[in-house]
Amino acid sequence: MPAVISLDECRALAFDAFSNAGVSRAQAEATADHITRAEADGCKSHGLFRLPGFIASVQSGSLDPQAEPEIVDAAPGLVAIDGRRCLAPLSVARGRVLLAEKARAQGVACMTLRNSLNFSALWPDIEPLAEEGFVAFTFINSQSFVAPAGGTRALFGTNPMAFACPRAGGRPPMVFDQASSATARGELQIAARDGHEAPPGAGLGPDGQPTTDPAEILKGVQLPFGGYKGSAIALMVELMTGGLSGGFFGYESRAAYSTDGGPANTCQSFIAIDPVRLAGPGFPAHVEALFERLLADGDARLPGDRRLANRARTAEEGITVEDALYATVQDLARKA
Ligand code: NDP
């Protein structure tokens, strides 16, 4: 039976584990909160599961546990952050305040982040912007594991993007958050561990041939979703992140950093738009009309609805943590 713990316990365990590893209070608090939000929404692959990897990155030196991000007010509509090898949630939480201030003042603002250690889910980064009334995008690259459509060599990261839109009537924002690879890397690792096949189109083996053997794909390359269409999105994400921030593209990050099982040195960007300044005060009602139409059609649902249902459930019931992981996390948290 897996352990059942409260969200407060999850947050405290993660915070203590970071603190024990020598991570600053600010980085530890921001990242423990991010991990807890992933667990609350049922995103196990970006919750406590990632904690040992984060700690490994302190031990390997790829993370600077005491660093503070450098936040530059680059122009009236631009924020540029050098994460200085901090855990990303701290840079994002601090930079987002200035981003929102600029978007409120001008109607739109953009923020880039480079030199930032991240392997988290994206929706927690932009949901707060939509809660403040902004339509928001975020893009992030990772180390290169994905070949471009037609190619056989890893060039792109699994490169997710997320989009958030505020909703009327106090409803939580609509947020979608999706990788540009056909299959998440973690899913391939789990399929290989459990002896399952990967879905067709997930990747190529080391011989450059399509395969559904996940172990072969992990040795070879993953593919973007939807052929050249997903490949174009993965390319855009590289340009919006490594390109705009002046940091690493996915292949440069992979070359610069040895794999310690922890987060990659990544780049991220954000765009926040005040929709009412463009569309007028009718924007929220107009959006709801679209959503209503979508929801009225068969089994169609809004992206993020599964997460929000999990959030409501875990607030009452707590979260489950697989036994071996719980033991590991407790150990990391106990060594104070
Ligand atoms: P999924 O394919 O599971 O989901 C993608 C999006 O589609 C979600 O917003 C999801 O909403 C929505 N969705 C799923 N099914 C439906 C449906 N039937 N109808 C409508 N919407 C639906 O996500 P991925 O595997 O692509 O990514 C998983 C996570 O991994 C993301 O959080 C991503 O940010 C993260 N990631 C992080 C990386 C990093 O380096 N930091 C790299 C790659 C991925 P819902 O959640 O409600 O199901």
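What counts and how
- Residues numbered from 1 in each chain as written.
- Predicted model: local features only at pLDDT ≥ 70, side-chain atom pairs only at ≥ 80, totals over all residues.
- Heavy atoms only, no water.
- Salt bridge = Lys/Arg side-chain N within 4 Å of Asp/Glu carboxyl O.
- Helix = DSSP H or I, 4+ residues; strand = E, 2+ residues; numbered from the N terminus.
- Core = buried A, V, L, I, M, F, W, Y, C linked by side-chain atoms within 4.5 Å.
- Buried < 20%, exposed > 50% of the residue type's maximum accessible area, 1.4 Å probe, protein only.
- Contact = heavy atoms within 4.5 Å.
- Pairing = 2+ DSSP bridges.
- Near = heavy atom within 4 Å.
- Polar contact = N/O pair within 3.5 Å; in protein donor to acceptor, adjacent residues only side chain to side chain.
- Areas by Shrake-Rupley, 256 points an atom, 1.4 Å probe, with all protein chains shown as cover.
- Nonpolar A, V, L, I, M, F, W, Y, C, P; charged D, E, K, R; others polar.

Quick look at the pattern of salt bridges
1) Next: Enumeration according to the criterion identifies 18 salt bridges in this entry.
2) Next: Two residues, Arg 171 and Glu 288, come together in a salt bridge whose shortest N-O distance is 3.6 Å. Of this pair, Arg 171 sits in the loop between β6 (161-165) and β7 (174-178) while Glu 288 sits in helix α11 (residues 283-295), and the two are 117 residues apart along the sequence.

Structural notes on the nonpolar core
1) Next: Judged by nonpolar contacts, the single largest core of 30 residues is most densely connected at Ile 5, Phe 18, Leu 48 and Leu 51.
2) Next: Broken down by secondary-structure element, the contributors of at least two residues to this core are β1 (3-5), α1 (7-20), α2 (25-40), α3 (51-60), β12 (319-321) and α13 (323-334).
3) Next: Broken down by element, this core gets its largest block of residues, 7 residues, from α1.
4) Next: With residues up to four places along the chain from it excluded, the contact list for Phe 18 reads Val 23, Ala 28, Thr 31, Ala 32, Ile 35, Leu 51, Phe 54, Ile 55 and Leu 87.

What to know about unusual backbone geometry
1) Next: The residue Arg 84 is not glycine, and still its phi comes out positive at about 50°.
2) Next: On the accessibility criterion, Arg 84 (40% relative accessible area) is partly exposed.
3) Next: Positioned with a positive phi, Arg 85 is a non-glycine residue whose angle comes to about 60°.

Some details on the pairing of strand β11 (residues 264-273)
1) Next: With 8 of 10 residues buried, β11 lies mostly within the body of the structure.
2) Next: Judged from the 9 bridges that link them, strand β4 (residues 108-118) and β11 form a sheet pairing that is antiparallel. Paired with Thr 112 across the two strands is Ser 269, which belongs to β11.
3) Next: Examined bridge by bridge, strand β5 (residues 135-140) and β11 share 6 bridges and lie antiparallel to one another. Pairing of Thr 138 across the sheet is with Phe 270, part of β11.

Topic: the site of the ligand
1) Next: Of all residues adjacent to the ligand, which total 20 residues, the nearest are Ser 120, Asp 177, Ala 179, Gly 304 and Arg 306.
2) Next: Between the ligand and Ser 120, the relevant distance is 2.8 Å, taken from a nitrogen atom to a main-chain nitrogen or oxygen of the residue.
3) Next: Contact with the protein chains hides 72% of the accessible area of the ligand, taken as 930 Å² for the molecule alone.
4) Next: For the shell around the ligand, the class distribution of residues is 8 nonpolar, 7 polar and 5 charged.

These values are about where atoms sit, not about what they do.
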